[in-house]
Amino acid sequence: MSGILAGKRILVTGVLTESSIAFQAAKVAQNEGAEVILTGFGRLSLVERIARRLPKEAPVIELDVTNKEHLDGLADKIRAHQGEDARLDGIVHSIAFGPQGAFNFLAADWEDVGTAVHVSAYSYKALAMACLPLMENGGALVGLTFDAQIAWPKYDWMGVAKAALESTNRYLARDLGPKGIRCNLVSAGPIKSMAAKSIPGFEELADVWNHRAPIGWELTDPEPAGRGVVGLLSDFFPRTTGEIVHVDGGVHMMGA
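In this report, we go over the structure that sits alongside the text. Not measured: the values here are computed from a predicted model.

In this section: the overall build of the chain. Looking only at helices and strands, the chain has seven helices and seven strands in total. Counting from the amino terminus, helix and strand elements in the chain follow one another as β-α-β-α-β-α-β-α-β-α-β-α-α-β. For 256 residues, the compact-globule estimate of 2.2 N^0.38 gives 18 Å, and the C-alpha radius of gyration of the chain, at 17 Å, lies within 12% of that figure. Based on the C-alpha atoms only, the size of the chain along its principal axes is roughly 50 × 40 × 40 Å. Put simply, the chain has 256 residues, and 53% of those count as buried. By sequence separation, contacts in the chain at least 24 residues apart represent 75% of the contacts at least 6 residues apart. A total accessible area of about 12,000 Å² is found for the chain, and carbon and sulfur atoms account for 52% of it. Averaged over its 24 positive side-chain charges, the chain has a centre that lies 3 Å from the centre of its 30 negative ones.

Along the polypeptide, Gly 101 turns up in the loop between strand 4 (90-93) and helix 4 (110-131). Not counting residues up to four positions away in its chain, the partners in contact with Gly 101 are Ala 108 and Asp 112.

Take the environment of Arg 79 next. Looking at where Arg 79 falls in the secondary structure, it is placed in helix 3 (residues 68-82). It is 8.7 Å that separates the C-alpha atoms of Arg 79 and Leu 134, two residues lying 55 residues apart in sequence. Every residue in contact with Arg 79, bar those within four places of it in the chain, is listed here: Ala 86, Pro 133 and Leu 134.

Trans is the common state for peptide bonds, and a negative phi is the common state for residues other than glycine. One non-glycine residue, Lys 154, adopts positive backbone phi at about 75 degrees. Mapped onto the fold, Lys 154 is located in the loop between strand 5 (139-145) and helix 5 (157-176). Here Asp 156, not a glycine, exhibits a phi torsion of approximately 50 degrees, which is positive. Examined against the element boundaries, Asp 156 turns out to sit in the loop between strand 5 and helix 5. According to the relative accessible area criterion, Asp 156 is partly exposed, its value standing at 24%.

Applying the stated rule across the entire model yields ten salt bridges. Among the salt bridges present, the one from Arg 53 reaches Glu 18, with a minimum N-O distance of 2.8 Å. Taken together, the residues Arg 53 in the loop between helix 2 (44-51) and strand 3 (60-62) and Glu 18 in the loop between strand 1 (9-12) and helix 1 (21-31) connect sequence positions 35 residues apart. Residue classification places Arg 53 among the partly exposed residues on the basis of a relative accessible area of 44%. With a closest N to O distance of 3.9 Å, Lys 192 and Glu 203 form a salt bridge. In this pair, Lys 192 is assigned in the loop between strand 6 (181-188) and helix 6 (202-212) and Glu 203 in helix 6, connecting sequence segments eleven residues apart. The exposure class of Lys 192 is partly exposed, given its relative accessible area of 41%.

Another point: the sheet that holds strand 4. Consider a sheet: its strands pair through backbone hydrogen bonds, and that pairing is either parallel or antiparallel. With parallel pairing, seven strands are arranged side by side in an open sheet as 3-2-1-4-5-6-7. Every other strand in the sheet has two partners, leaving strand 3 and strand 7 (243-247) as the edge strands with one partner each. Averaged over neighbouring strand pairs, the angle between their axes works out to 20 degrees when direction is ignored. Here strand 2 (residues 35-40) runs beside strand 3; their pairing, made up of three bridges, is parallel. Considered in strand 3, the bridge of Gly 40 is made with Glu 62. On the sheet, helix 1 packs against strand 1, strand 2, strand 5 and strand 6 and is oriented at approximately 160 degrees with respect to strand 2. Here helix 7 (residues 223-233) sits on the sheet and contacts strand 1, strand 4, strand 5, strand 6 and strand 7; the angle it forms with strand 6, its principal contact strand, is near 165 degrees.

Conventions and cut-offs
- Residues numbered from 1 in each chain as written.
- Predicted model: local features only at pLDDT ≥ 70, side-chain atom pairs only at ≥ 80, totals over all residues.
- Heavy atoms only, no water.
- Helix = DSSP H or I, 4+ residues; strand = E, 2+ residues; numbered from the N terminus.
- Rg over C-alpha atoms; globule rule 2.2 N^0.38 Å.
- Buried < 20%, exposed > 50% of the residue type's maximum accessible area, 1.4 Å probe, protein only.
- Contact = heavy atoms within 4.5 Å.
- Areas by Shrake-Rupley, 256 points an atom, 1.4 Å probe, with all protein chains shown as cover.
- Lys, Arg positive; Asp, Glu negative; His and termini not counted.
- Charge placed at Lys NZ, Arg CZ, Asp CG, Glu CD.
- Salt bridge = Lys/Arg side-chain N within 4 Å of Asp/Glu carboxyl O.
- Pairing = 2+ DSSP bridges.
- Axes fitted to C-alpha atoms, helices over the stretch in contact; angles between N-to-C directions.

Below is the structure:
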């Protein structure tokens, strides 16, 4: 099998619909030769249905990244699918959540903010540690962020959670580098996905891209970001770690 991920085994989290970046990353990864396992939480039957729409149906493992038992048992569940030679060469972290209260910066209480940070940032480290026993030969972690350098309209504490994710990525890159594991993020532009529907004022936030993306941006096309994820999973970036690669049509570098 040919492709830039030929022979690699990749775990992809956060696949819920075909419109998600995670689904496109899984699809491109398979097309590039990878063996893919998905994780799902809550609507497992929906994830299993979506998994059948990939070029090759992928197994689905239940995973709540805030549940210690799920995390502690993840490696064994992967071994159950892969057998004695179980391993992971790459992990895609596409998990984020903020309660509605987290989208009102001044009114938010810690319970909502804590949930957003736990699910959206701390889970990146927790997932890495859960999978570490399967990455003895090194590999790559790739997470998904939304540019946390500035304060976006309506994004509020989710922006803070993404800033925490970006910092977490740097510390993971530092601590996992000696184990041969690269840690990078793709900073994607807004995509009209199931997750986007939970963001109050998403249309106002996304409208920025209609006016400021010099190379253009399609809100309904998650494939460019999915390709960016696969590129970072591949061996074409052997000494790149702690990095944030922007796949956002160029909006991040535009002045006011």
